[in-house]
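# Residue-level structural notes
So you can see what is in the structure, the chains are spelled out below.
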Amino acid sequence: MAQHFLLSAQARTLSLRTIYQAGEAKAYETFKAIRWAATNGEPVCPRCGCVESYGIPTRRKFKCVACHHQFSVTSGTIFASRKMAFVDLLAAICIFTNAVKGISSLQMSRDLDCQQKTAFVLCHKLREAMAAEVEGETLDDVVEMDGAYFGGHIRPANHFEDRVDRRLAKHQTGTRRVVVVLRERGGRTLPFVCRAEGEGVEIAKRVVDRLAVIHADEAAHWDALHAGWKTFRINHSQAYSDGIGCTNQAESYFSRLRRMVTGQHHGVSPRYLSQYAHEAAWKEDHRRMDNGALAFRSLGLGLAHGVSRSWKGYWQRSA
């Protein structure tokens, strides 16, 4: 029997041992090489685009010859204002991408010996960069749609006479959300956080090409899809796949997301659910890549992404 790719040595091209043995200088050169790949790691001014600058070695900064702007390798990126060493940042990205079902900020903080707050913000910055990779993406082939509910768990009372019907709206917490996913076979996965699964029909109008073929389950709100697309349905109470309709790719995504939310994070606030959903989608889409390629790809996304307006100064604003 042939060995699965993820079990082979080809899937392991980067390790924490390699990162720390190479040291801070090598990690810094890696950041430069990925940030300025078009110039072979030579700095480019983020303000005017000039390729001529001189270094300020004592501060690891550069000064543009044209506009005299001082900048660093992380200026204007999602890693702007970072305080962690480059080798620790690279190690954090390696840990984050290696965790195929996610990693909690507490575990990350223990691995890196940093505050939980630092790990929390860094992980969310990486999730934001991953989500930006599919921004504006449209699906135009065979697309599977489905929804799954997360959050809003109400712990039942200890005594039977004190328990309430948790299905009633008056006993809900208001934090339950549904993740609607649209997944193109052999393509990308687009998750959306909604209050009701039926909202997925309007989402499909925005992101699915009219020539695409959609597969959905038997839920009544998907009946509206037939008016806009060639649509196949599968009744999950009878089969998971009948040779015509199938949503197994969407279910595969939800399997990863549920293990992430329940097994690693033990619950996610609806405020952040979208970012966790995008992380699971990114890891599902790139699951056949080796871990080194995943780490450098996510680093490249972070360096190509602008300064995060959601996470820069997060704790200062929350205080």
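All values derive from a computational prediction rather than experimental measurement. Every residue gets a number counted from 1 within its own chain, in the order that chain's sequence is written. Whole-chain, interface and lining totals are the exception, using all residues; otherwise, since this is a predicted model, local features are given only for residues with pLDDT of at least 70 and side-chain atom pairs are given and counted only at 80 or more. No hydrogens and no water enter the side-chain calculation; it runs on all heavy atoms of the structure.

## Some points on the overall build of the protein chain
Segments assigned H or I by DSSP are reported as helices when at least four residues long, segments assigned E as strands when at least two residues long, and all are numbered from the N terminus. When you go through the protein chain residue by residue, the secondary structure sums to nine helices and eight strands. For the protein chain, the C-alpha atoms occupy an extent of roughly 65 × 55 × 50 Å along the three principal directions. Each residue's exposure class comes from its accessible area (1.4 Å probe, protein chains only) as a fraction of the maximum for that residue type: buried when under 20%, exposed when over 50%, partly exposed otherwise. Buried positions account for 45% of the 319 residues belonging to the protein chain. Long-range contacts, defined here as pairs at least 24 residues apart, represent 63% of the contacts in the protein chain between residues at least 6 apart. For the protein chain, the accessible area works out to roughly 17,000 Å², and carbon and sulfur atoms hold 50% of it. Charge counting follows a simple rule: Lys and Arg are positive, Asp and Glu are negative, and His as well as the terminal groups are ignored. Note on charges: their place is set at NZ of Lys, CZ of Arg, CG of Asp or CD of Glu. Separation of charge centres in the protein chain, based on 44 positive and 32 negative side chains, amounts to 8 Å. Contacts were defined at the residue level, with two residues in contact if any of their heavy atoms lie within 4.5 Å. Under the convention used here, a 1.4 Å probe and the Shrake-Rupley method define accessible areas, while residue burial counts only the protein chains that appear.

## Observations concerning unusual backbone geometry
Positioned with a positive phi, Arg60 is a non-glycine residue whose angle comes to about 50 degrees. With relative accessibility at 30%, the residue Arg60 sits in the partly exposed group.

## Considering the layout of surface pockets
Of the pockets and cavities examined, the largest pocket occupies roughly 530 Å³. Taken together, 20 residues form the lining of the largest pocket, with Ser81, Lys83, Thr118, Val121 and Lys125 sitting closest to its centre. When residues of the lining of the largest pocket are assigned to their parent elements, the largest contribution, five residues, is made by helix α4 (residues 116-132). Here the residues of the lining of the largest pocket are counted per class, giving ten nonpolar, five polar and five charged. In terms of lining residues, the second largest pocket is bounded by 14 residues, among which Leu6, Val100, Arg287, Met289 and Leu294 are the most central. Any residue with an atom within 4 Å of a point lines the site, the site being either a cavity, points on a 1 Å grid over the protein atoms alone where a 1.4 Å probe fits but cannot get out, or a pocket, an open set with protein on both sides within 12 Å along at least 5 of 7 lines. Grid points are joined across faces, edges and corners, and a volume is the space filled by probe spheres set on the points. Each residue gets one label: Ala, Val, Leu, Ile, Met, Phe, Trp, Tyr, Cys and Pro are nonpolar, Asp, Glu, Lys and Arg are charged, and the others, such as Gly, are polar.

## Brief notes about helix α6 (residues 248-264)
To estimate how far a helix should extend, the number of its residues minus one is multiplied by 1.5 Å. For α6, which comprises 17 residues, the first-to-last C-alpha distance of 23 Å matches the rise-based estimate of 24 Å (1.5 Å per residue) to within 8%. Every buried residue of α6 is accounted for by Ala250, Tyr253, Phe254, Arg256, Leu257, Met260 and Val261. Projected down its long axis, α6 shows its buried positions confined to an angular sector of 160 degrees, all on one face. Within two residues after α6, His266 carries a phi angle of roughly 55 degrees, on the positive side. Our arc is simply the arc of the directions from the helix axis toward the C-beta atoms.

## Let's talk about the nonpolar core
Among the buried residues, those of types Ala, Val, Leu, Ile, Met, Phe, Trp, Tyr and Cys that are joined through side-chain atoms within 4.5 Å form a nonpolar core. Core analysis: the largest hydrophobic core is formed by 42 residues, its most contacted members being Ile19, Phe31, Phe79, Phe96, Met108, Leu112 and Leu299. Contributions of two or more residues to this core are made by α1 (16-35), β2 (61-64), α2 (86-98), α3 (105-112), α4 and α8 (291-304). Among the elements that line this core, the one with the most residues is α2, at ten residues. Those residues in contact with Phe31 that sit more than four places away from it in its chain are Val73, Thr74, Phe79, Phe86, Leu89, Leu90, Leu299 and Leu303.

## As for the UniProt feature "domain: ISXO2-like transposase" (unreviewed entry) in the protein chain
UniProt positions are given in the numbering used here, feature names are shortened, and annotations may be inferred rather than shown by experiment. In the numbering adopted here, UniProt assigns the feature "domain: ISXO2-like transposase" (unreviewed entry) to residues 138-285. Helix and strand shares over residues 138-285 are 26% and 22% respectively, and the end C-alpha atoms of the span are 15 Å apart.

## Remarks on α8
The terminal C-alpha atoms of α8 lie 20 Å apart, and with 14 residues this matches the ideal 20 Å at 1.5 Å per residue to within 8%. Asn291, Gly292, Leu294, Ala295, Ser298, Leu299, Leu301, Gly302 and Leu303 are the residues of α8 that are buried. Residues of α8 that are buried in the fold lie against α1, α2, α4 and α7 (273-285). The definition of a polar contact used here is a pair of N or O atoms within 3.5 Å, where within protein one atom must be able to donate a hydrogen and the other to accept one, and adjacent residues in sequence count solely through side-chain atom pairs. Here α8 starts with a cap whose side-chain oxygen sits 3.2 Å from the backbone nitrogen of Gly292, and that cap is Asp290.

## Description of the packing of α1 against α2
With axes taken as lines fitted to C-alpha atoms, and helix axes fitted only over the stretch in contact, angles between N-to-C directions fall between 0 and 180 degrees. Axis separation between α1 and α2 bottoms out at 7 Å; the angle between their running directions is 120 degrees. Compared by their axis directions, α1 and α2 come out oblique. Relative to α2, α1 is oriented so that their crossing is right-handed. Here α1 contributes Leu16, Ile19, Tyr20, Gly23, Glu24, Ala27, Tyr28 and Phe31 to the contact with α2, which in turn contributes Phe86, Val87, Asp88, Leu89, Leu90, Ala91, Cys94 and Ile95. For the contact of α1 with α2, the class distribution of residues is 13 nonpolar, one polar and two charged. An angle below 35 degrees is read as roughly parallel, one above 145 as roughly antiparallel, one from 65 to 115 as roughly perpendicular, and any other as oblique. Two helices crossing with the near one rotated counterclockwise from the far one by less than a right angle form a left-handed crossing, whereas a clockwise rotation gives a right-handed crossing.

## Brief notes about the sheet that holds strand β7 (residues 213-217)
Each pair of strands is called paired provided DSSP finds at least two bridges between the two strands. Here five strands make up an open sheet; going across it, the order is β6-β5-β4-β7-β8 and the pairing mixed. Strand pairing shows two members of the sheet lacking a second neighbour, β6 (189-194) and β8 (230-234), which therefore form its edges. Neighbour to neighbour, the strand axes of the sheet diverge by 25 degrees on average, direction disregarded. Pairing geometry for β7 and β8, over five bridges, is parallel. Of the residues in β8, the one forming a bridge with His215 is Phe232. Where α6 meets the sheet, it contacts β4 (142-150), β5 (177-184) and β6, and its direction lies at approximately 30 degrees from that of β4.

## Points about the pairing of β5
Most of β5 sits inside the fold, with eight of its eight residues counted as buried. Of the two faces of β5, the one holding Arg177, Val179, Val181 and Arg183 and the one holding Val178, Val180, Leu182 and Glu184 are both buried throughout. Sheet analysis places β4 next to β5, joined by eight bridges and oriented antiparallel. The partner of Tyr149 across the bridge, within β5, is Val178. Of the pairings in the sheet, the one linking β5 to β6 comprises six bridges and is antiparallel in character. Residue pairing in the sheet places Val178 in a bridge with Cys194 of β6. Connecting β5 to the antiparallel partner β6 that follows it, the hairpin turn spans four residues, and Gly186 within it adopts a positive phi of roughly 75 degrees.

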